[in-house]
Amino acid sequence: MAIVHVVCAALRTDATEEVVANALALARALGDAPGAQRSIVGRNAAQLVAVTWLGGRDALEPFAASPAHMAFIMRGLAPCIRGMWSAAVETDAAPPGPVASMWVFALQSAETLFEWQVRSLLEEVAGLPGAPAAGPTVEERERYRAGGAVCLDAAAVSAFEAALARARMGWGEIAGAIVEARVDLEPGA
């Protein structure tokens with residue numbers, strides 16, 4: 001099983017393009033970190049997202065402690081964000097082919113959240129158009145129960161957005177516990 005490591009950062013409104021460009025460059029370098037199989041970087045006006053496929057659970061700690069990951073967090077994100085969330089999830093999804101856009105999400109832990117709700121959400125995500133890579137989180141200290149990414153080629157974006165809108169209508173009480181972002185890919189990601 002692979003690990004998909006998702007970082008979603010909220011950009012400060014006063015962050016300069018130069019500082020954000022540095023964060024994007026350091027995010028792209030995550031693909032060279034120990035254990036990384038592929039890293040995909042995207043952005044919208046308010047968020048920067050980096051999703052990295054790792055070889056498995058044994059690759060997570062070396063990746064998190066790597067100079068590339070530490071540089072991304074400390075020198076890349078710290079100067080330009082007002083907050084972030086991250087999740088490491090286990091999935092059998094391989095790194096995707098060509099990607100134009102992606103949607104990332106995480107389901108926050110809560111006392112009122114039941115395992116069947118987590119499984120149901122993951123089943124819905126698995127049925128979305130595109131290349132879903134989602135699953136339960138793997139770290140005990142994790143603030144999230146599940147998460148992942150759906151990678152989209154340009155042709156799948158409209159069908160995905162329509163399917164996601166339909167899926168959201170059924171999320172009910174867990175909708176407020178889902179953090180998410182949709183971003184387009186940066187050149188070279």
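Residues numbered from 1 in each chain as written. Predicted model: local features only at pLDDT ≥ 70, side-chain atom pairs only at ≥ 80, totals over all residues. Heavy atoms only, no water.

*Asks:* Sorry, what's going on with the overall build of the protein chain here?
*Replies:* Check the secondary structure of the protein chain and you find 5 helices and 8 strands. Overall, the protein chain shows an N-to-C arrangement of helices and strands of β-α-β-β-α-α-β-β-α-β-β-α-β. Computed over its C-alpha atoms, the radius of gyration of the protein chain comes to 16 Å, within 12% of the 16 Å expected for a compact globule of 189 residues. In terms of principal-axis extent, the alpha carbons of the protein chain reach across some 40 × 35 × 30 Å. Scored against the burial criterion, the 189 residues of the protein chain give a buried share of 50%. (Helix = DSSP H or I, 4+ residues; strand = E, 2+ residues; numbered from the N terminus. Rg over C-alpha atoms; globule rule 2.2 N^0.38 Å. Buried < 20%, exposed > 50% of the residue type's maximum accessible area, 1.4 Å probe, protein only.)

*Asks:* Would you mind going over the packing of helix α2 (residues 57–65) against helix α3 (residues 67–77) with me for this structure?
*Replies:* The description of two helices packed together rests on the angle between their axes and the distance between the axes. Viewed as axis vectors pointing N to C, α2 and α3 meet at an angle of 55 degrees, and their least axial separation amounts to 4 Å. Taken together, α2 and α3 sit at an angle that is classed as oblique. Residues F63, A64 and A65 of α2 form the contact with α3, whose participating residues are P67, H69 and M70. Class assignment of the residues belonging to the contact of α2 with α3 gives a composition of 5 nonpolar, 1 polar and no charged. (Axes fitted to C-alpha atoms, helices over the stretch in contact; angles between N-to-C directions. Parallel < 35°, antiparallel > 145°, perpendicular 65-115°, else oblique. Contact = heavy atoms within 4.5 Å. Nonpolar A, V, L, I, M, F, W, Y, C, P; charged D, E, K, R; others polar.)

*Asks:* Honestly, the pairing of strand β3 (residues 47–54) in this entry has me stumped. Any pointers?
*Replies:* Within a regular beta strand, the side chains point alternately toward one face of the sheet and then the other, so they alternate between its two faces. In terms of burial, β3 is largely enclosed, as 8 of its 8 residues are buried. Here β3 shows two buried faces, one formed by Q47, V49, V51 and W53 and the other by L48, A50, T52 and L54. Here strand β1 (residues 2–11) runs beside β3; their pairing, made up of 8 bridges, is antiparallel. Bridged to A9 within β3 is L48. Bridge analysis of strand β2 (residues 36–43) against β3 gives 7 bridges, and the strand direction is antiparallel. When the sheet's bridge partners are listed, R38 is paired in β3 with W53. Between β2 and β3, which pair antiparallel in sequence order, lie 3 residues. (Pairing = 2+ DSSP bridges.)

*Asks:* I'm lost on the nonpolar core in this one. Help?
*Replies:* The tendency in soluble globular proteins is for nonpolar side chains to be buried as a group. If you look at the biggest cluster of nonpolar residues, it comprises 28 residues, and the most contacted ones within it are L48, L54, F72, L77 and C80. Elements that contribute at least two residues to this core include exactly β1, α1 (17–28), β2, β3, α2, α3 and β4 (81–91). Here the element with the most residues in this core is α1; it accounts for 5 residues. In this structure, C80 is in contact with A10, L11, R12, A15, V19, V20 and A23, ignoring residues within four places of it in sequence. Grouped together as the second largest cluster of nonpolar side chains are 23 residues, V89, A106, A133 and L185 included. (Core = buried A, V, L, I, M, F, W, Y, C linked by side-chain atoms within 4.5 Å.)

*Asks:* Whenever I open this one, the pattern of salt bridges confuses me. Can you help?
*Replies:* Any two side chains of opposite charge can pair, given that their charged atoms come close. Under the criterion given, the structure shown has 7 salt bridges. D14 is the salt-bridge partner of R12, the closest N and O atoms lying 2.9 Å from each other. Judged by its relative accessible area of 53%, D14 falls in the exposed class. Of the charged contacts in the structure, one is a salt bridge between R182 and E161, with a shortest N-O distance of 2.5 Å. Residue R182 is located in strand β8 (residues 178–185), and its partner E161 is located in helix α5 (residues 157–169); the two are separated by 21 residues in the primary sequence. Residue R182 is classed as partly exposed on the basis of its relative accessible area of 28%. For E161, a relative accessible area of 38% gives the class partly exposed. (Salt bridge = Lys/Arg side-chain N within 4 Å of Asp/Glu carboxyl O.)

*Asks:* Just to check I follow, could you spell out the packing of aromatic side chains for this structure?
*Replies:* With the rule as written, the count across this model stands at 4 aromatic pairs. An angle of 55 degrees between the planes, with centres 5.9 Å apart, marks the rings of W85 and Y144 as tilted. Placement of W85 in strand β4 and of Y144 in strand β7 (residues 144–152) is noted, with a sequence separation of 59 residues between them. Here W85 falls in the buried class, since its relative accessible area comes to 9%. The buried category is assigned to Y144, whose relative accessible area is 3%. With a centroid separation of 4.9 Å and 10 degrees between ring planes, the pair formed by W103 and F105 is classed as stacked. For the pair formed by W103 and F105, the shared burial category is buried. Counting every residue linked through ring pairs, the aromatic cluster contains W103, F105, F160 and W171. (Phe/Tyr/Trp six-rings, centres within 6.5 Å; stacked < 30°, edge-to-face > 60°.)

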